[in-house]
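Structural description and commentary
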Amino acid sequence: KKFNAKNRLKTGLIYDRYDINVKDSVLIDDAFWYTEVDFSGDISLYRAFAQWQHKFNKQLTLNAGLHGTYLGLNDATSVEPRIGLSYEINDKSTIGIAYGRHSQLQPLPIYFSKNSNATDAENAANQQLDLIKSDHFVASWDYLLTPNTRIKMEGYYQALSNLAVDPEDGDFSMANFGADFGFPNRVGLTNDGTGSNVGAEMTLERFLKKGFYYLLTASVFDSKYKGSDEVEHNTFFNSNYVFNALAGKEFKVNDKFSITVDAKINYAGGRRYTPIDLDASIAAGEEVRKMDEIYEAQYAPYIRPDLKIGYRHNARKFTQTFFIDFQNIIGRRNDFAKGYDESNERIKTTYQRGFFPDVRYQILF
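Presented here is an overview of the structure given in this document. (Residues numbered from 1 in each chain as written. Predicted model: local features only at pLDDT ≥ 70, side-chain atom pairs only at ≥ 80, totals over all residues. Heavy atoms only, no water.)

**Considerations on the overall build of the protein**
- If you tally the helices and strands in the protein, you get 2 helices and 20 strands.
- Here the C-alpha coordinates of the protein stretch approximately 65 × 55 × 40 Å along the principal axes.
- When each of the 365 residues of the protein is scored for burial, the buried share is 33%.
- Of the roughly 21500 Å² of accessible surface on the protein, 55% is carried by carbon and sulfur atoms. (Helix = DSSP H or I, 4+ residues; strand = E, 2+ residues; numbered from the N terminus. Buried < 20%, exposed > 50% of the residue type's maximum accessible area, 1.4 Å probe, protein only. Areas by Shrake-Rupley, 256 points an atom, 1.4 Å probe, with all protein chains shown as cover.)

If you want it as structure tokens, here you go:
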């Protein structure tokens, strides 16, 4: 609803329904399949919001709002205030500050994890998990260098609460969800975990003009969490920095045909891992991790340059494209994981995929 030139109100309701059929089994000692998760049902998520925009003048604008969330599974609720203030210094430069509280569901299979060795109360505990909550604080500056090039800088702090943790395993936290390929089959979880993310980001962007564009981004950050042990650890994702650069050029042969060249490079700090105690592993005959150094070690920096060359044909009723994407064109062997090699009594590194050409052909009607 637009009341006048200075005031505008936007409201809405959102309803999400998740129909779930989850079953996951693990082969135990090549003898039998142990069912970790087996659930069929539905979850309803209700959200409502109201956002008010007030323009004090041509330069100063306020956006304030309230967001509400209700989870039908266990009656978890969250009321989230949000506010942002932006000031247009001139036609080229804008600064802003903002605060917002946000919530989200736990990963859905976590609500229905089961353990045959756990009590009924422990197996039911995950369904009572509250929503994850986070408080965001942001300050930003946006500057238009030219009509088609801009630079943006942003600093932020994020305080996380209600993270699911395991009372019996002090360093476990859902803050590290995604570190493995599967869902952690944990029961009896509580919402006692916390975490924080602090960082700064910079973006330099040239919008597509005369067939040419580029984008440079830089991010430095620090990501921490606390489990039920109340000790602050690095998160699995605390690589500390990420730099990206991409650029592309379109060469028009005629009105129907064009050749495209796109290049990008990603340079990021290595993922975190818990170091292996080689002496203890040799003595035990199996891998032993230094559990007093959770996520203290870091893989080598991740470097991946890609080059994509293609062509596009614009016909009257359809468009066809063909391109070859030379992924990791330098064939760098980025670290994937480290493990203990029992036969050679050493630490072995497994690497990610090296050079890989991806060929595609598309027809768009």
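**Overview of the side chain of Asn148**
- Tracing the backbone shows Asn148 in the loop between strand E6 (132-146) and strand E7 (149-166).
- Residue Asn148 is classed as buried on the basis of its relative accessible area of 12%.

**Looking at the packing of aromatic side chains**
- By the definition in use, this model includes 16 aromatic pairs.
- Measuring from ring centre to ring centre gives 6.1 Å for Phe236 and Tyr295, while their planes differ by 65°; the resulting arrangement is edge-to-face. Pair noted here: Phe236 is in the loop between strand E11 (232-234) and strand E12 (241-252) and Tyr295 is in the loop between helix H2 (278-284) and strand E15 (297-298), with a separation of 59 residues, a long-range link.
- Judged by centre distance (4.3 Å) and plane angle (15°), the ring pair of Tyr273 and Tyr299 falls under stacked. In this pair, Tyr273 is assigned in strand E14 (residues 272-273) and Tyr299 in the loop between E15 and strand E16 (302-314), connecting sequence segments 26 residues apart.
- The buried category is assigned to Tyr299, whose relative accessible area is 8%.
- One aromatic cluster is present, built from ring pairs that chain together Tyr15, Tyr46 and Tyr70.
- Between Arg186 and the ring centre of Phe172, over which it is positioned, the NZ or CZ distance is 4.1 Å.
- Taking the ring centre of Phe251 as reference, the NZ or CZ of Lys249 above it sits at 5.8 Å. (Phe/Tyr/Trp six-rings, centres within 6.5 Å; stacked < 30°, edge-to-face > 60°. Lys NZ or Arg CZ within 6 Å of the ring centre and 35° of its normal.)

**Structural notes on unusual backbone geometry**
- Its identity as a non-glycine residue notwithstanding, Asp75 has a phi of 65°, on the positive side.
- Structurally, the position occupied by Asp75 is in the loop between strand E3 (60-71) and strand E4 (76-88).
- The backbone phi angle of Tyr295 is positive, close to 50°, even though this residue is not glycine.
- The class for Tyr295 is buried, based on a relative accessible area of 16%.

**Things to note about a nonpolar patch on the surface**
- Together, Phe251, Val253, Phe257, Ile259, Val261 and Ile309 make up a nonpolar patch on the protein surface, roughly 490 Å² of accessible area in all.
- Here the element with the most residues in the nonpolar patch is strand E13 (residues 257-268); it accounts for 3 residues.
- Within the secondary structure, Val261 sits in strand E13. (Patch = residues over 30% accessible without salt bridge, like charges linked within 9 Å, V, L, I, M, F, W, Y side chains within 5 Å. Salt bridge = Lys/Arg side-chain N within 4 Å of Asp/Glu carboxyl O.)

**So, the nonpolar core**
- Of all hydrophobic cores here, the largest spans 18 residues; its most connected members are Ile20, Leu71, Leu105, Tyr111, Phe112, Leu129 and Leu189.
- Residue assignment for this core shows that the elements contributing at least two residues are strand E1 (7-28) and strand E2 (32-55).
- Looking at this core, the element that brings in the most residues is E2, giving 4 residues.
- Once residues within four sequence positions are removed from consideration, Leu129 is found in contact with Asn74, Gln106, Ile110, Tyr111, Ala164, Leu189, Thr190 and Asn191.
- Within the second largest apolar cluster, 8 residues are counted, among which are Leu160, Leu163, Tyr225 and Tyr295. (Core = buried A, V, L, I, M, F, W, Y, C linked by side-chain atoms within 4.5 Å. Contact = heavy atoms within 4.5 Å.)

**Considerations on the side chain of Asp335**
- As for its placement among the helices and strands, Asp335 is situated in strand E18 (residues 335-341).
- Although Asp335 is buried, it makes no salt bridge; Lys338 carries the closest opposite charge, 4.4 Å away.
- A distance of 3.2 Å separates a polar side-chain atom of Asp335 from the backbone nitrogen of Ala300.
- Discounting chain neighbours no more than four positions away, the residues touching Asp335 are Arg271, Tyr299, Ala300, Thr349, Thr350, Tyr351 and Gln352. (Lys, Arg positive; Asp, Glu negative; His and termini not counted. Polar contact = N/O pair within 3.5 Å; in protein donor to acceptor, adjacent residues only side chain to side chain.)

**Concerning the environment of Asn117**
- As for its position among the elements, Asn117 is in the loop between strand E5 (93-104) and helix H1 (120-125).
- Here the alpha-carbon distance between Asn117 and Thr235, two residues 118 residues apart in the chain, equals 29 Å.

**Topic: the pairing of strand E8 (residues 169-173)**
- Where E7 lies against E8, 2 bridges are found, and the strand directions are antiparallel. Note that in E8 the partner of Val165 across the bridge is Ser173.
- In textbook terms, the turn of a hairpin is the stretch between consecutive antiparallel strands, and for E7 and E8 this stretch comprises 2 residues. (Pairing = 2+ DSSP bridges.)

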